[in-house]
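What follows is the residue order along each chain.
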Amino acid sequence: RLGTPTAEDYFLSNRAVGTFFLALTMFATIASMFFYLGISGAMAAHGLSFTVVAFWQFFTIVSMLYIGSRIWLH
């Protein structure tokens, strides 16, 4: 499509995303929300051994920042 990209193009992908990919995106959003809200309660309930899950999320964020910055440059 020629022309200037709009906010609708950015946020809604020009309304071209199918139902399947929209459902996957919604599921990923809900799953990450449950993780971020529930991690502190799970760590309190299960003790120090559950902190491995929290560290896994931390390393995922760090690796995505590392990889993403290199992708952004290219």
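Only a predicted model underlies this, so the values are computations on that prediction, with no experimental measurement involved.

**Here we look at the overall build of the protein**
When you go through the protein residue by residue, the secondary structure sums to three helices and zero strands. Secondary structure elements of the protein occur, N-terminal to C-terminal, as α-α-α. Since a compact globule built from 74 residues should have a radius of gyration of about 11 Å, the 18 Å found for the protein marks it as more spread out than a globular shape. Dimensions along the principal axes, computed over C-alpha positions, put the protein at roughly 55 × 30 × 20 Å. Sorting the 74 residues of the protein into buried and exposed places 5% on the buried side.

**A look at a nonpolar patch on the surface**
Taken together, the side chains of Val17, Phe20, Phe21, Leu22, Leu24 and Met26 make up a nonpolar region of the molecular surface, amounting to roughly 630 Å² of accessible area. Checked against the element boundaries, Phe20 lands in helix H2 (residues 19–46). Accessibility expressed as a relative area gives 58% for Phe20, which makes it exposed.

**Digging into the packing of H2 against helix H3 (residues 51–73)**
It is the contact of H2 with H3, at a shortest axis distance of 9 Å, that shows an interaxial angle of 145°. Listed contacts from H3 to Phe35, Tyr36, Ile39 and Met43 of H2 are Thr51, Val53, Ala54, Gln57 and Ile61. Partitioning the contact of H2 with H3 into residue classes produces seven nonpolar, two polar and no charged.

**Considerations on H2**
Helical geometry note: an α-helix holds 3.6 residues per turn, so side chains three or four residues apart project in the same direction. Across its 28 residues, H2 extends 38 Å between first and last C-alpha, which sits within 8% of the 40 Å expected from 1.5 Å per residue. Most pronounced at Gly38, the bend in H2 amounts to some 45°. Positive backbone phi, at 85°, marks Gly47, one or two positions downstream of H2.

**Concerning the packing of aromatic side chains**
The relative placement of two aromatic rings is captured by the distance of their centres and the angle of their planes. Scanning all chains against the criterion turns up one aromatic pair. Ring geometry for Phe20 and Phe21: centres 5.5 Å apart, planes at 75°, overall edge-to-face.

**Here's the deal with the confidence of the model for the protein**
Per-chain confidence: the protein averages 78 in pLDDT, with 96% of residues scoring 70 or above. Ranking the helices and strands of the protein by mean pLDDT puts H2 first, with 81, and helix H1 (residues 7–12) last, with 75.

Criteria and thresholds
- Residues numbered from 1 in each chain as written.
- Predicted model: local features only at pLDDT ≥ 70, side-chain atom pairs only at ≥ 80, totals over all residues.
- Heavy atoms only, no water.
- Helix = DSSP H or I, 4+ residues; strand = E, 2+ residues; numbered from the N terminus.
- Rg over C-alpha atoms; globule rule 2.2 N^0.38 Å.
- Buried < 20%, exposed > 50% of the residue type's maximum accessible area, 1.4 Å probe, protein only.
- Patch = residues over 30% accessible without salt bridge, like charges linked within 9 Å, V, L, I, M, F, W, Y side chains within 5 Å.
- Areas by Shrake-Rupley, 256 points an atom, 1.4 Å probe, with all protein chains shown as cover.
- Salt bridge = Lys/Arg side-chain N within 4 Å of Asp/Glu carboxyl O.
- Axes fitted to C-alpha atoms, helices over the stretch in contact; angles between N-to-C directions.
- Contact = heavy atoms within 4.5 Å.
- Nonpolar A, V, L, I, M, F, W, Y, C, P; charged D, E, K, R; others polar.
- Expected span 1.5 Å × (residues − 1).
- Bend = angle between axes of the 7 residues up to and from the residue.
- Phe/Tyr/Trp six-rings, centres within 6.5 Å; stacked < 30°, edge-to-face > 60°.
- pLDDT = per-residue confidence, 0-100.

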